[in-house]
Amino acid sequence: MPGRTVRLTGWGRVSPSSAEVASPGSAAAAAEVLARGTAARGVIPRGLGRSYNNAAQCGGGVVISTAGLNRIIDLDAATGLVTCEAGVSLEQLMVAGLPAGWFVPVSPGTRQVTVGGAIAADVHGKNHHVAGSFARHVRSFEILLPGGEPRTVTEQSDPSLFWATAGGMGLTGLIVRATVQLKPVATSRVRVDTVRTADIDQTMAVLAEHDRRYGYTVAWSDSLARGAGLGRSVITSGDFAEPGDLSPADAKDPFAFRPGARVGVPPGFPPGLINRCTVALANQAWYRKAPRSRSGEIQTIGTFFHPLDGIRNWNRVYGPGGFRQYQYVLPFGAEAAVRRSFELVSQARAPSFVTVLKRFGAGDEGLLSFPMAGWTLALDFPARTPGLAGLLDRLDRLVVDGGGRVYLAKDSRVPPDVLAEMYPRLAEFRKLRAELDPEGTFASDLSRRLGL
Ligand SMILES: Cc1cc2nc3c(=O)[nH]c(=O)nc-3n(C[C@H](O)[C@H](O)[C@H](O)COP(=O)(O)OP(=O)(O)OC[C@H]3O[C@@H](n4cnc5c(N)ncnc54)[C@H](O)[C@@H]3O)c2cc1C
C-alpha cells in the first residue's frame, strides 16, 4: 500500500514535515505495511492529529493513519466494556455508549482523539484526581511490533510493554485495537458549580477543596492579570447529574448527546488577531462575566468537557504562524513555583488564550506518562509572540528545579538534556525500545529531536 506524500502538522500548526501516509483498513493490512519494511526514516502511527506538535509526524518516512481502523467491535451494555479498533474516536465511544449509560472514563479537552492516541499519550482529564489517566482503564490492547508481528498486551501479561506503550507516543508499535472499561453515568448532563477567585492563592485553595468534593474540576485562569489579581480564575467543578436534577424537558431524553461541529473559523481569518491586547480584553470580559459563585447549573457534555470543540478548526485563529502549547506539572509542595510561573507569564505579557490550572492525583507506571501528583498548568501562545522562546526556557528551568516535567503530547521545543532531567525513567524507556526495535523502525519528528 504505497501512500501519498502529505505535508502534516500537529494541532498547533508549527513544524510541518512531509511523509508518505498509509491508511490501512484492517489490522492485517497495517501489518503488511510494517512487514514490507519501511523507509530509512522510519514509521509512526497517527490518530486524529490532536497532539499539538510533531509526535505523529515522521518527515521523509511513513505515517500510518488509523483513520481506516474505526470500528467498534463490541460494547457490552451490562458491563461497559468496549472493544474497538484504535482509530475509534472518543466521540464515537460517547455516541455508542451514552444511550446505555456509559461515558469515557477519561476525556481530554477535546473528544476528537482516538483510542490509540489516548493510550499513546496516556491522556488525562478533569477527573485525574479520582480516575487517573487513560491507561488505568485499558484492560488490554493489541499492538503490531516492528515487522508487523501482533501482540496482545495486558498490564498483567506484559507490564513492561504495557507501561512503555502508555505514554510512549507511538514509539513501541502500532496499537490496532483496545478493550477499555467505560464509566457508568446516570444522565448525559453535568451538574456544575462555578466559583470566581480573586488571586492565585485563592485559586489553589479552592481547587484543593474542590478535589475533595467533585469528580471533575478545573480552573480557567487569566494569564495576563497582574498584582493583586495574579492568577485570578474561574473554577468549574461538577459531577454527572442524576435524572432528578434535569428539567422536565431534558428528563425526556436523559442521555441526549448531539455532537457535530458547529461554527468554523474561515480560512482567511486575519492573522495577528490573537495578541496581548485582544487576549487581555477577552480574559477580562470573560472573568467579569462569570458569576462570583453559582451552583447546580446543568451543562451538556460539550459545554463542560469540550468547549473548544464547538468551533471547528479553532486552531486557525492563531493565523498561519500557529501556536505553541506548554503544559507542565509541578509536584505538591512546589506551590511557590506555580505562583512564580504565573508571574513570569504575566510579566512577559505573553498572551495565553487558553490557560488551565488543575491538580493531578498520583501518576501511573507509564515510563513516559506525564501526570504526577501535583499542579498542572496548560498555556497556549501564538508562536510569533515576541520573547516566547526565552519565557519558555525560564519556565523549563522553574519546572526542572521544582521536580516537575512538561507534556510530550504538547511539546515543541524542550531541549533533550532538559527532558532527561524531567523524566527519570527515560533511560528505561530507551533500553526497552532498543531491545524491542533494534532497527529503530518506529520514529517520529519528536523522537528524533529528543532522542527518545
Ligand atoms: C483542544 C485540545 C485539548 C486537549 N486537551 C487535553 C487534555 O485535557 N488532556 C490531555 O491529556 N491531552 C489533551 N490534548 C492532547 C490530546 O489528547 C493528545 O495529544 C492525544 O494523544 C491526541 O490523540 P490523537 O488521536 O489525535 O493522536 P495523534 O495526535 O495523531 O498522535 C498522538 C501520539 O499518539 C501516537 N498514536 C496515535 N495513534 C496510535 C496508535 N494507534 N498506536 C500507537 N500510537 C499511536 C502518535 O504516534 C503520537 O505519538 C488536547 C488536544 C487538543 C487539540
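This text follows the structure it describes.
Peer 1: Tell me about the sheet that holds strand 2 (residues 17–22), and please be specific about residues and values.
Peer 2: Sheet architecture is open: four strands sit in the order 1-2-4-3, paired in mixed fashion. This sheet does not close on itself; its edge strands, each paired only once, are strand 1 (4–8) and strand 3 (43–46). Geometrically, the sheet is characterised by an average inter-axis angle of 40° between neighbouring strands, direction not taken into account. Inspection of the sheet shows strand 2 paired to strand 4 (residues 62–65) by three bridges, in the parallel sense. When the sheet's bridge partners are listed, Glu-20 is paired in strand 4 with Val-62.

Peer 1: For the site of the ligand, give the residues involved together with the corresponding values.
Peer 2: Around the ligand sit 33 residues in total, of which Pro-45, Gly-47, Arg-50, Ser-51 and Thr-114 are the nearest. Arg-50 has a polar backbone atom sitting 2.7 Å from an oxygen atom of the ligand. Taking Ile-175, its main chain carries an N or O atom lying 2.9 Å from a nitrogen atom of the ligand. Within the complex, the protein chains bury 96% of what would otherwise be the 960 Å² of accessible surface of the ligand. Among the secondary structure elements, those contributing two or more residues to the shell around the ligand are strand 3, helix 3 (115–120) and strand 10 (174–181). Looking at the shell around the ligand residue by residue, the class counts come to 19 nonpolar, twelve polar and two charged.

Peer 1: If you had to explain empty space enclosed by the protein to someone new, which residues and values would you point to?
Peer 2: According to the stated counting rule, one finds two cavities of 30 Å³ or more in the structure shown. Empty space within the largest cavity amounts to approximately 40 Å³. Looking at the largest cavity, the residues that line it are Gln-325, Tyr-326, Gln-327, Val-406, Tyr-407, Lys-410, Asp-411, Ser-412 and Arg-413. In terms of residue count, the dominant contributor to the lining of the largest cavity is strand 18 (residues 323–331) (three residues).

Peer 1: So what about the packing of aromatic side chains? Which residues, and what values?
Peer 2: Per the counting criterion, the structure on display carries 13 aromatic pairs. Between Phe-162 and Trp-163, the ring centres sit 4.9 Å apart and the planes meet at 75°, which makes this aromatic pair edge-to-face. Considered together, Phe-162 and Trp-163 belong to a single accessibility category, that of buried residues. Ring centres 4.9 Å apart and planes at 85° place the aromatic pair Tyr-216 and Phe-305 in the edge-to-face group. With Tyr-216 in strand 13 (residues 216–221) and Phe-305 in helix 9 (residues 301–305), the pair connects residues that are 89 residues apart, well separated along the chain. By the burial criterion, Tyr-216 is buried, and Phe-305 matches it.

What counts and how
Note on numbering: residues in each chain are counted from 1, in written sequence order. Residues qualify for local features only when their pLDDT is at least 70, as the model is predicted, and side-chain atom pairs are given and counted only at 80 or more; totals for whole chains, interfaces and linings, by contrast, use all residues. Calculated side-chain values reflect all of the structure's heavy atoms, with hydrogen atoms and water omitted. Between any two strands, pairing holds if DSSP finds at least two bridges. A helix here means a DSSP run of H or I that spans at least four residues, while a strand means a run of E at least two residues long, and both kinds are numbered starting from the N terminus. Comment: axis = line fitted to C-alpha atoms, over the contacting stretch for helices; angle = value between 0 and 180 degrees taken between N-to-C directions. Whether a residue is near a molecule or strand depends on its heavy atoms: if one lies within 4 Å, it is near. Between N or O atoms, a polar contact is any pair within 3.5 Å; within protein, one atom must be a potential hydrogen donor and the other a potential acceptor, and residues adjacent in sequence are included only when both atoms are from side chains. Computed with the Shrake-Rupley method and a 1.4 Å probe, the accessible areas treat only the protein chains shown as cover for residues. In the scheme used here, Gly and all other residues not listed as nonpolar or charged are polar, with Ala, Val, Leu, Ile, Met, Phe, Trp, Tyr, Cys and Pro taken as nonpolar and Asp, Glu, Lys and Arg as charged. Definitions used for this entry: grid spacing 1 Å over protein atoms alone; cavity, a set of points where a 1.4 Å probe fits but cannot get out; pocket, an open set with protein on both sides within 12 Å along at least 5 of 7 lines; lining residue, one with an atom within 4 Å of a point. Grid points are joined across faces, edges and corners, and a volume is the space filled by probe spheres set on the points. Aromatic rings from Phe, Tyr and Trp, taking only the six-membered ring of Trp, are treated as a pair when their centres fall within 6.5 Å; an angle between ring planes under 30 degrees marks them as stacked, one over 60 as edge-to-face, and anything in between as tilted. Here's how the labels work: a residue is buried when its accessible area is under 20% of the maximum for its type, exposed when over 50%, partly exposed in between, all with a 1.4 Å probe on protein chains only.

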